Amino acid sequence: DDPTLERHFKGHRDAVTSVDFSLNKKQLASGSMDSCLMIWSMRPQMRAYRFVGHKDAVMCVQFSPSGHLVASGSRDKTVRLWVPSVKGESTVFKAHTGTVRSVHFSSDGQSLVTASDDKTIKVWTVHRQKFLFSLSQHINWVRCAKFSPDGRLIVSASDDKTVKLWDKTSRECIHSFCEHGGFVNHVDFHPSGTCIAAAGTDNTVKVWDVRMNRLLQHYQGNAVVNSLSFHPSGNYLVTASNDSTLKILDLLEGRLLYTLHGHQGPATCVAFSRTGDFFASGGSDEQVMVWKTNFDATDYGDVLKTQKSGMSVDGTHHSQPSELECGVHLKKTKPQDPGRNHHHHQEEETIANTLEHIVGQLDVLTQTVSILEQRLTLTEDKLKECLENQQRIIQNKVN
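Residues numbered from 1 in each chain as written. Predicted model: local features only at pLDDT ≥ 70, side-chain atom pairs only at ≥ 80, totals over all residues. Heavy atoms only, no water.

An unreviewed UniProt entry annotates the protein chain as POC1 centriolar protein homolog A of Eudromia elegans. Word for word, the UniProt comment on the protein chain under Sequence similarities (unreviewed entry) is "Belongs to the WD repeat POC1 family." (UniProt positions renumbered as here; feature names shortened; annotations may be inferred.)

Structure (structure tokens):
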């Protein structure tokens, strides 16, 4: 089955630059040149939230793995961490001296990597909100930086026409891929962590093996490729191009599967949901579109189940659904007897709503704990300072 357009979100007032799904597929975040970050609800009739704080275009957004935070990078040279709730509170990270083009959480949610026009890549701790270190060997703007799935490597893409691979521990560049004929707009790791895909202004998508550092696949398009995203199964890649199309590449067959037309003007960003049954795209036309994947549902349902994902994609739910999926799960399994249907449906609605509420409360608790953790850290730091000062005073007296 071809992918189909499922939802259409309008609310941004300028080109959309970035899209990302939360873990439970209930929310979608988007960033735009209009300086706003928006969080859209995937459930019908639910309102969208507009987050204001950045002083200039928002270039990139990403949900943390748990979904409790959203990171954004902006042309105002700052990175912000948002709590995606009604209040829309955020904290600001400042260390870059140029536009921040890319933000990415490590899979454990503990670290954040950012890339900027100041030619550096920076790594931060999320909870202590501390800047850790810079990687600086690119000689032009860095468009994109991502952690490998195991968090040990970082890959970066730059306007210096290289893709660089870094060791997070030693902080050294372990390889440079120089085969691009143009600027490299976007790069990402395959879910297995064994290869990377890069999109460029030379209209190509290239896939490299990072163990052997060799080119595996090369797709030649007819327009600049702005963004790409791997399907969680690792079998497909979706791309967004300046010719307004989204393309789905079958990596196992090494061929183009689908070309999708939806945007008017350049398609600027694209991302699969964490389970792969949806993908979202954004464009210069100020629109965010959500597509139902439809292809190969059974194939990748099995793949994901073996990856111990709490939710299965093909709707069979062999594994225990997580509490976040229960609302949806209950609605799926309605009894077929028409007499009892209505009553059961109401009960299910009530249960689903109660679960929604509980999950909401848990989110708030988690956020509160996170804020308390931050405060505790500050207190600990202050206390350490005081003790060190006391030590110094005592030392001085002794001397």
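Back to the text.
A short note on the environment of I174
Looking at the secondary structure, you find I174 in strand β17 (residues 172-177). Exposure remark for I174: the relative accessible area of 46% places this residue in the partly exposed category. C-alpha of I174 to C-alpha of K164: the two residues are 10 residues apart in sequence and 7.7 Å apart in space. Once residues lying within four places of it in the same chain are set aside, the contact partners of I174 are L153, L165, W166 and D167. (Helix = DSSP H or I, 4+ residues; strand = E, 2+ residues; numbered from the N terminus. Buried < 20%, exposed > 50% of the residue type's maximum accessible area, 1.4 Å probe, protein only. Contact = heavy atoms within 4.5 Å.)

Remarks on the pairing of strand β4 (residues 36-41)
The element β4 is largely enclosed, with a buried count of six among its six residues. Here β4 shows no split at all, with C36, M38 and W40 on one side and L37, I39 and S41 on the other all buried. With five bridges joining them, strand β3 (residues 27-32) and β4 adopt antiparallel strand pairing. Across the sheet, residue G31 finds its bridge partner in β4, namely L37. Two strands pair when backbone bridges link them, and β4 and strand β5 (residues 49-52) are joined in this way by four bridges, in the antiparallel orientation. Bridge pairing links L37 to F51 in β5. (Pairing = 2+ DSSP bridges.)

Topic: the pattern of salt bridges
One pass over the full model with this rule turns up nine salt bridges. Residues R101 and D117 are paired through a salt bridge, measuring 2.7 Å at the closest nitrogen-oxygen approach. On the criterion of sequence distance, the pair formed by R101 in strand β10 (residues 100-105) and D117 in the loop between β11 (111-116) and β12 (121-125) is long-range, its members being 16 residues apart. The exposure class assigned to D117 is buried, which follows from its relative accessible area of 13%. A salt bridge links R255 to E253, with the nearest nitrogen and oxygen atoms 3.9 Å apart. (Salt bridge = Lys/Arg side-chain N within 4 Å of Asp/Glu carboxyl O.)

Some thoughts on the pairing of strand β7 (residues 70-74)
Across the five residues of β7, five count as buried, placing the element largely inside the fold. Burial of the side chains of β7 extends over both faces: V70, S72 and S74 are buried on one face and A71 and G73 on the other. In terms of strand pairing, strand β6 (residues 58-63) meets β7 through five bridges, oriented antiparallel. Within β7, the position partnered with V58 by the bridge is S74. Where β6 hands over to β7, the hairpin turn is made up of six residues, of which G67 adopts a positive phi near 90 degrees.

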